[in-house]
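Coordinate analysis (summary)
Residue strings, one per chain:
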Amino acid sequence: MFFSPVTVEGVPGSDGVSGKNGEKGEKGERGFKGTRGDSGMKGDVGQTGPQGPVGPGISRFLMTDGQCSKEANGLLRYFQRLARIEYCDGRNWLPLSSYCPQQPASSCKDVAKNCRSAKNGKYWIKPSLTEPAFQVYCDVSEGWTLIMKIDGSKQTFTYDSNLWSNKNSFQLNNLDLDSKEAKLASYWTLPFTELRLGMKVNNAIRWITINYTATSLYSLIADGQHRPTSVDKSKWRTLMPVTSLQRNCNREGFNSTSTSSDSGNRTFHSRVRIGIVGNQENNCHSPDSLLGFGTSDSRSSNNLSAGNFASNILPDNGERDIAAFGYIMAR
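First, a word on scope: everything that follows refers to the structure included in this document. All of these numbers come straight from a predicted model, not from anything done at the bench. (Residues numbered from 1 in each chain as written. Predicted model: local features only at pLDDT ≥ 70, side-chain atom pairs only at ≥ 80, totals over all residues. Heavy atoms only, no water.)

With that settled, the discussion passes to the packing of aromatic side chains. Taken as a whole, this structure holds seven aromatic pairs when the rule is applied. Plain terms: the ring middles of Tyr187 and Tyr218 are 6.1 Å apart, the flat faces sit at 85° to each other, and that makes the pair edge-to-face. Of the two residues, Tyr187 is situated in helix H2 (residues 186-189) and Tyr218 in helix H3 (residues 217-221); the sequence distance between them amounts to 31 residues. You can call Tyr187 buried: its relative accessible area is 0%. (Phe/Tyr/Trp six-rings, centres within 6.5 Å; stacked < 30°, edge-to-face > 60°. Helix = DSSP H or I, 4+ residues; strand = E, 2+ residues; numbered from the N terminus. Buried < 20%, exposed > 50% of the residue type's maximum accessible area, 1.4 Å probe, protein only.)

Here we come to the sheet that holds strand S12 (residues 248-256). As summarised here, the arrangement of the six strands in space is S11-S12-S13-S14-S15-S16, forming an open sheet in which the pairing is antiparallel. Two strands in the sheet have a free side with no partner beyond their single neighbour: strand S11 (227-228) and strand S16 (320-323). (Pairing = 2+ DSSP bridges.)

The grouping of Lys27, Arg30, Lys33 and Arg36 at the surface amounts to a positive patch. Locating Lys27 in the fold gives a position in the segment before strand S1 (60-62). (Patch = residues over 30% accessible without salt bridge, like charges linked within 9 Å, V, L, I, M, F, W, Y side chains within 5 Å. Areas by Shrake-Rupley, 256 points an atom, 1.4 Å probe, with all protein chains shown as cover. Salt bridge = Lys/Arg side-chain N within 4 Å of Asp/Glu carboxyl O. Lys, Arg positive; Asp, Glu negative; His and termini not counted. Charge placed at Lys NZ, Arg CZ, Asp CG, Glu CD.)

A few words on the state of the cysteines. For the structure on display, the rule yields three disulfides. The side chain of Cys68 participates in a disulfide bridge whose partner is Cys88; the two sulfur atoms lie 2.1 Å from each other. Residues Cys68 and Cys88 are joined through a disulfide that is right-handed, its torsion about the S-S bond being 80°. One end of the pair, Cys68, is in the loop between S1 and strand S2 (75-79); the other, Cys88, is in strand S3 (residues 84-88), and 20 residues separate them in sequence. Take Cys68 and Cys88: they sit in the same class, and that class is buried. Put simply, Cys108 and Cys138 are joined by a disulfide, and their sulfur atoms are 1.9 Å apart. Every disulfide takes its handedness from the sign of the S-S torsion; for Cys108 and Cys138 that torsion is -70°, giving left-handed. With Cys108 in helix H1 (residues 108-114) and Cys138 in strand S6 (residues 134-139), the pair connects residues that are 30 residues apart, well separated along the chain. As far as the burial class goes, Cys108 and Cys138 line up, both buried. (Disulfide = S-S within 2.5 Å.)

Here it is in structure tokens:
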């Protein structure tokens, strides 16, 4: 008898060690472009941006020496005699180099910052959102804006003049840094942190700077309240080549007057809108000397509105009654 062999299946062995990675295959072909997705929802409308400044605009070129007028504002011309291009600002032909596309600026300091080629002269500014733009003289070398020009030999800007307490301009055609009186809208619209005060005597202007922060010069003066400064008597005296004041009181600042409660007494004695008053007595009840702008003293034979007055009551450098031409600027 024949017997077939019997096969017995053994137990499976453990998994072997993984082999090494195979070589990288060839790059496959690029697939087909998928379909475009649906458009997203439309976004909300953005807020309206602020309105840009209004400038004089330069739109046309004039080859002849035509007149500059309000109707010609923005015109250019070639002025052959001076061999330069000029633009009309509505009143005068000015060199194109002084044109500032950012006009009206907020101040002359802004003109100096944004118009590198600007030169000293007339520019449009708009310091207040509620007031219209206006022209002023700018000292762009240091960013000063002209506010007032006072002829001390005239009575236009004496202490009691309404021009100190109202918001009316005076002689707007006199915009240059000359010897013609003017009061500009910058008096009540221009905020500042510094005042620049100048007095011209014998054709020489002497300047001082006062650090003072205000919303306008009008805000410091119009209500008649005294607001002190700390300029120092010696600095005030540098405004004129020779000065005389009494030794005591030395009340300085804005609306400097007698401290007497008697209004008649205050009116009789020395008063100044911007400046300093002195007294021979050790108080400020009856000051008999002054130096500054917007002045008044009943004993002044010249009835000064800017300059230096000292009565014969113990002044430190003799009697004085000398007018000066005053300049007030700010930045």
